[in-house]
Amino acid sequence: MDLFEYMRGQQQKSESPLASRLRPETLEEVVGQEHIIGKDKLLYRAIKADKLGSIIFYGPPGTGKTTLAKVIANTTKADFRQINATVAGKKDMEAVVEAAKENMGMYGRHTILFVDEIHRFNKAQQDYLLPYVEDGTLTLIGATTENPYFEVNRALLSRSRLFELKPLSRDNIRTLIRRALEDPKKGMGMYHPYMDENALEFLADIADGDARAALNAVELGVLTTEPDPEGRIHLSLETVQECIQRRAVGYDREGDNHYDTISAFIKSMRGSDPDAAVYYLARMLYAGEDIRFLARRIMICAAEDVGNADPMALVVATNASLAVERIGMPEARIILSQAATYVACAPKSNAAYLAVDEAEAKVKETGNLGIPPYLRDAHYEGHEDLGRGVGYKYAHDYPLHYVRQQYLPDALKDARFYRPSDNGYEKNIKNWLKKLKENDGEGAES
């Protein structure tokens, strides 16, 4: 490193955002994540002993993934290299690998490679790293906001230890805010700011576990507020509300939180909780989720979880799907709310869902069993010679439009797949089927 590079680095440090400047340099300075870096935890011991294996940090933005990587960089005796998967290409990785081989061969020194946003690497890029992680040329630290079981190659994941970082608690956020206000060197202490208690509580809550969001609001508030006559910066509740503007919903339409939120939405409808269903619907709408996707999920739930307990549920859901496409936002949210609350409040039965599951399992087990000849197509000349359609009983010729007749293949003639529940309209279906089966004395043949 020459003098100009050093000066550029120092200037970058002093001018970088507050959240970056305030990053801890030692494990003792880290706030939160005690479940993985408490003094009795494996990661804490591994970092302290400088015996770190390949790891992947997974968690929402602002929870400290890059921070922990920086702490490791300050702690380890290994050569620490960092690349960002959003901009790095194969040449960048090749340069790191060559340097790692040289470090190991000439100096016996290990190399740690930190890959931020590792989920942005495609399969080929991840595969390139695999043999060097395998033979110990590189110790990998990956950071991702996405579920690594979806986004990281299984082979790479199996060679790494996964650590999930959780959103910081309100107490954690309060601690960081106070540190930012008081630290004169890395924080905003040189401006002599002070924050009202209600503003502190609001910001700790509104940040929703994201330290970066809270610190960005602090920095913006301090830099845009005129000092009082005593030269101090007063951060009131109104100032803080203006700086952070509104709660940023932690929801990525392409990411892990997408699956978690839609899962909670469906399970709330299935669990007959309209309040929870409309809450998760609102969260997804607020985050810009595709209204057609939401309509599809409501239709699926109407068939899978309500079924024939209320056949109107699918009618409502399907018409809601058509309506939102014709009307669009913002009015589509009302239509989706109507459909979601209807499905949530409807009586539930998964009998139709279980029926097709059981039938599919039986098909896989038995293959294409022979269809009874009298049920086969008879719309061609000569079908009688093949026995096709011969002996078929036309149901409408009998009382109640029903006649006892074997419809399943011989090997499955006693099988039963659809078992109507006693919920809602399905109870009527159950009773009707029972009446038909018992109606041998009123014209139905056996």
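Note: the structure precedes this text.
Anyway, here's the lowdown on the structure attached to this text. (Residues numbered from 1 in each chain as written. Predicted model: local features only at pLDDT ≥ 70, side-chain atom pairs only at ≥ 80, totals over all residues. Heavy atoms only, no water.)

**A short note on the pairing of strand β1 (residues 55-58)**
In β1, alternate side chains face the same way, and those of Ile55 and Phe57 on one face and Ile56 and Tyr58 on the other are all buried. Bridge count between β1 and strand β5 (residues 161-164): four bridges; the pairing is parallel. Within the sheet, the bridge partner assigned to isoleucine 55 lies in β5 and is arginine 161. (Buried < 20%, exposed > 50% of the residue type's maximum accessible area, 1.4 Å probe, protein only. Helix = DSSP H or I, 4+ residues; strand = E, 2+ residues; numbered from the N terminus. Pairing = 2+ DSSP bridges.)

**So, the pairing of strand β3 (residues 111-116)**
Counted residue by residue, β3 has six buried out of six residues, so it is predominantly covered. The side-chain alternation of β3 yields two buried faces, one formed by Thr111, Leu113 and Val115 and the other by Ile112, Phe114 and Asp116. Pairing geometry for strand β2 (residues 79-84) and β3, over six bridges, is parallel. Looking at the pairing, asparagine 84 lines up with aspartate 116 of β3. Crossover handedness for the path β2 to helix α6 (residues 90-107) to β3: right-handed. For β3 and strand β4 (residues 139-144), the ladder comprises five bridges, and the chain directions are parallel. Paired with phenylalanine 114 across the bridge in β4 is isoleucine 141. Read as a crossover between parallel neighbours, the route from β3 over helix α7 (residues 123-134) to β4 is right-handed. (Right-handed = clockwise from strand over helix to strand, strands pointing away.)

**Details of the pattern of salt bridges**
The full count for this structure, using the stated rule, is 16 salt bridges. The salt bridge partner of arginine 21 is glutamate 219, with a shortest N-O separation of 3.5 Å. Highlighted residues: arginine 21 in helix α2 (residues 18-21) and glutamate 219 in helix α12 (residues 211-224), separated in sequence by 198 residues. With respect to class, arginine 21 is no different from glutamate 219; both count as buried. The salt bridge involving aspartate 127 is made with lysine 123; its shortest N-O contact spans 2.9 Å. Highlighted residues: aspartate 127 and lysine 123, both in helix α7, separated by four residues, approximately one helical turn. Aspartate 127 gets classed as partly exposed once you look at its relative accessible area, which sits at 30%. The exposure class of lysine 123 is exposed, given its relative accessible area of 56%. The structure contains a network of salt bridges with shared partners spanning Asp171, Arg174 and Glu201. (Salt bridge = Lys/Arg side-chain N within 4 Å of Asp/Glu carboxyl O.)

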